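# A structural walkthrough
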Amino acid sequence: MSVHTLLATPFVQHAFYAVTAVALAAGVVGYFVVLRRQAFAAHAIGHVGFAGAAGAVLLGASPIYGLLVFCLGAGLLIGLGGATLDDRDAVVGVTLTAALGLGVLFISLYSGYANATYSILFGQILGVTWGAVGLVAALSLGVLLVVSLTYRPLLFISVDERSAASRGLSPRGLSLLFMALLAITTVVAIQIVGVLLVFSLLVAPAAAAEVMTSRPLGAMFLAMFIALMSAWFGLFFGVWIGGPVSFWITALASLSYLLARVAAAVQSRRSMRVVA
Amino acid sequence: MSVLTMTNGAAVLGGRRIWGEATFAIEPGTITAVLGPNGAGKSTLLNIILGLVPLAEGTMHVLGEVPHRGNLHVGYMAQTRQADAVSTMTGRDFVGLGFDGPRFGWGHDRTKKEVVRQALALTGTTSFADQPLHSLSGGQRQRIALAHSTVFSPELLLLDEPLAALDLAAQVEIVDLIRSLRDSTGAAVVVVAHDLNPLSGIVDQVLWIARQHVRCGSVDEVVNEKVLSELYGQPIEIIVTPRGRRVIVGLEEELAHPHPHGHDHSHDGQHAHDSEVTHDHEHDHTHHVTTNEEHS
């Protein structure tokens, strides 16, 4: 089959719509993850999701419902328990470990198809049904809508919590809202790149964007753009050359971060030379 | 009309009485220094004025109203901000959050650009406003934070330890800026500090909080041996240097450094406890309120 025919097949089309919606949500939510230095929380939520997905598979349900329940639960727990920076890492770490242990138990109890575990860990976007695409797209667009309505308060609370509180914002409420957004974004990103590679969509594009611009809105759109390009080209290379789509997306997103850092280093050296 | 009046006010956090019987007024265009040991309840006072913590007893009016959160006539600058150390956000964007940061929803206020520009000009921060916060010096960041808190030209400006962690030159710079902001806006300014001397040239009145009591008056009325000895219940000596600096002797254990981290209510309560403990015991860190060495 030629690339053209492959790209026209329904399963690639489904994947295209899914990665588009997910990349946009992950890019913008990732900006706040990087700004708030909550990469560890994002990491933990993904791993907690693994337990949820494994549990759902054990019960014979679709993994995404287990992911939603566990990721949202973990997000709210982290948001509630780790309100202050001091104890956040401990809360996150304990939540993460407890859930991973549970995931191991579920997997050991489940004697069936190992592929289910594999796709939770590493993502499996090719072959998803229209129904699954619809759910993933709806969740992603919901995240985008909420972020577009709350980005200013989220920014404010992320850079100066006390001043934001004095202006009538609720740090706890917004922190919980953000953890819920992060949890849903993690769930949809796991559909594409899996639990282990969730950073490729959630952190790498935003980290690259933050290196490239110091304007918050610019960085948000840039993160969405980098995530989108990584996802589109990752899907295309996966279909054209072969290999897991999640590998290609991860490679491209990591490469964009590397390039951003190199470009920034070159630029700062050049400006130092001008000054000298 | 006074910007702020408190009559027989008391602060209680988690069942612990922090201070009480506080009666004072703050007039427009004046600068009030809030002094006292860590945990005495200085930040709690700011939280009460901001409406974040309720006043446990007595009455209080801020600009004629009961204190409430989100009052645009009250500006507030926190001691520490998450953004300072790590954010690549520019000063201009941070000041912009002072304008529309609390707003939900779509849409953009066209006046924002101009209001932010004026706040930057007024604080002398225009030249470095487009650099990331993490690349600025401590003094530059404080200037940006002052622009952030004065974006709406507040009638009451609350500054929590604005001089903490600054070198002497930056302290002088920020004190000058506080004075010039007061002069240009006519706002009443309340400055929480751990050292009166850098501020002594601009301060109109002093609020000294210690051992659950609050004393208010001019510098001479409060910072004298009789009042401080009474307030602390122990003999206090004050040496005035030829250049007018005050060295307070007898409080070496009580007057400590500013908090290294942001203080919230629980911290305040905790420190209040600490200071009561250290009051009767030898404590290994001894500080002068007033010597210059501690700043260099």
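Residues numbered from 1 in each chain as written. Chains lettered and ligands numbered in written order. Predicted model: local features only at pLDDT ≥ 70, side-chain atom pairs only at ≥ 80, totals over all residues.

Once that is clear, we can look at the overall build of chain A. In terms of helices and strands, chain A carries 13 helices and zero strands. Moving toward the C terminus, one meets the helices and strands of chain A in the order α-α-α-α-α-α-α-α-α-α-α-α-α. A globule of 276 residues ought to have a C-alpha radius of gyration of about 19 Å, and chain A, at 19 Å, matches this closely. By principal-axis analysis of the C-alpha atoms, chain A measures approximately 60 × 45 × 30 Å. For chain A, the residues scored as buried account for 54% of the 276 residues in total. For chain A, long-range pairs separated by at least 24 residues make up 76% of all intrachain contacts whose partners lie at least 6 apart in sequence. (Helix = DSSP H or I, 4+ residues; strand = E, 2+ residues; numbered from the N terminus. Rg over C-alpha atoms; globule rule 2.2 N^0.38 Å. Buried ≥ 20, exposed ≤ 12 C-beta atoms within 10 Å, placed from the backbone. Contact = placed C-beta atoms within 7 Å.)

What follows deals with the domain arrangement of chain B. Interfaces are often described in size by the accessible area the parts lose on coming together. All names here are of chain B. For chain B, the assigned domains read domain 1 (4-73 + 154-295) and domain 2 (90-149). Contact residues are listed per partner, giving eleven residues for domain 1 and nine residues for domain 2. If one sorts the elements of the side of domain 1 that touches domain 2 by residue count, helix 6 (residues 168-185) sits on top with six residues. By residue class, the composition of the side of domain 1 that touches domain 2 is eight nonpolar, two polar and one charged. (Domains from an automatic or database assignment. Nonpolar A, V, L, I, M, F, W, Y, C, P; charged D, E, K, R; others polar.)

Let us now look at the environment of Leu80(A). Residues and elements named next belong to chain A. Here Leu80 lies in helix 4 (residues 63-81). The class for Leu80 is partly exposed, based on 13 C-beta atoms found within 10 Å. Separated by eleven residues in the primary sequence, Leu80 and Val91 have C-alpha atoms spaced 9.7 Å apart.

What tends to happen in soluble globular proteins is that the nonpolar side chains get buried as a cluster. Counting 176 residues, the largest nonpolar core has Val22(A), Val29(A), Leu201(A), Ala223(A) and Val191(B) as the members making the most contacts within it. Ranked by the residues each element gives to this core, the list is headed by helix 2 (residues 10-35) of chain A, at 17 residues. The residue makeup of this core includes at least three contributed by each of domain 1 (4-73 + 154-295) and domain 2 (90-149) of chain B. Excluding anything up to four places from it in sequence, Val29(A) contacts Val143(A), Val147(A), Leu181(A), Leu182(A), Thr185(A) and Leu202(A). (Core = buried A, V, L, I, M, F, W, Y, C linked by C-beta atoms within 7 Å.)

With that settled, consider unusual backbone geometry. Residues and elements named next belong to chain B. Phi is positive for Glu161, which is not a glycine, with a value near 50 degrees. Summarising the element assignment, Glu161 is placed in the loop between strand 6 (156-160) and helix 6. The backbone of Arg211 sits at a positive phi, close to 45 degrees, despite the residue not being glycine. Examined against the element boundaries, Arg211 turns out to sit in the loop between strand 8 (205-210) and strand 9 (213-217). Judged by the 17 C-beta atoms lying within 10 Å of it, Arg211 is partly exposed.

Turning to the interface of chain B and chain A, a few remarks are in order. Taken together, the contact between chain B and chain A spans 27 residues of the former and 25 residues of the latter. Elements with a contribution of two residues or more to the side of chain B that touches chain A: helix 2 (82-86) and helix 3 (91-100) of chain B. Element by element, the count of residues in the side of chain B that touches chain A is highest for helix 3 of chain B, at four residues. Of the residues belonging to the side of chain B that touches chain A, the class tally is 13 nonpolar, nine polar and five charged.

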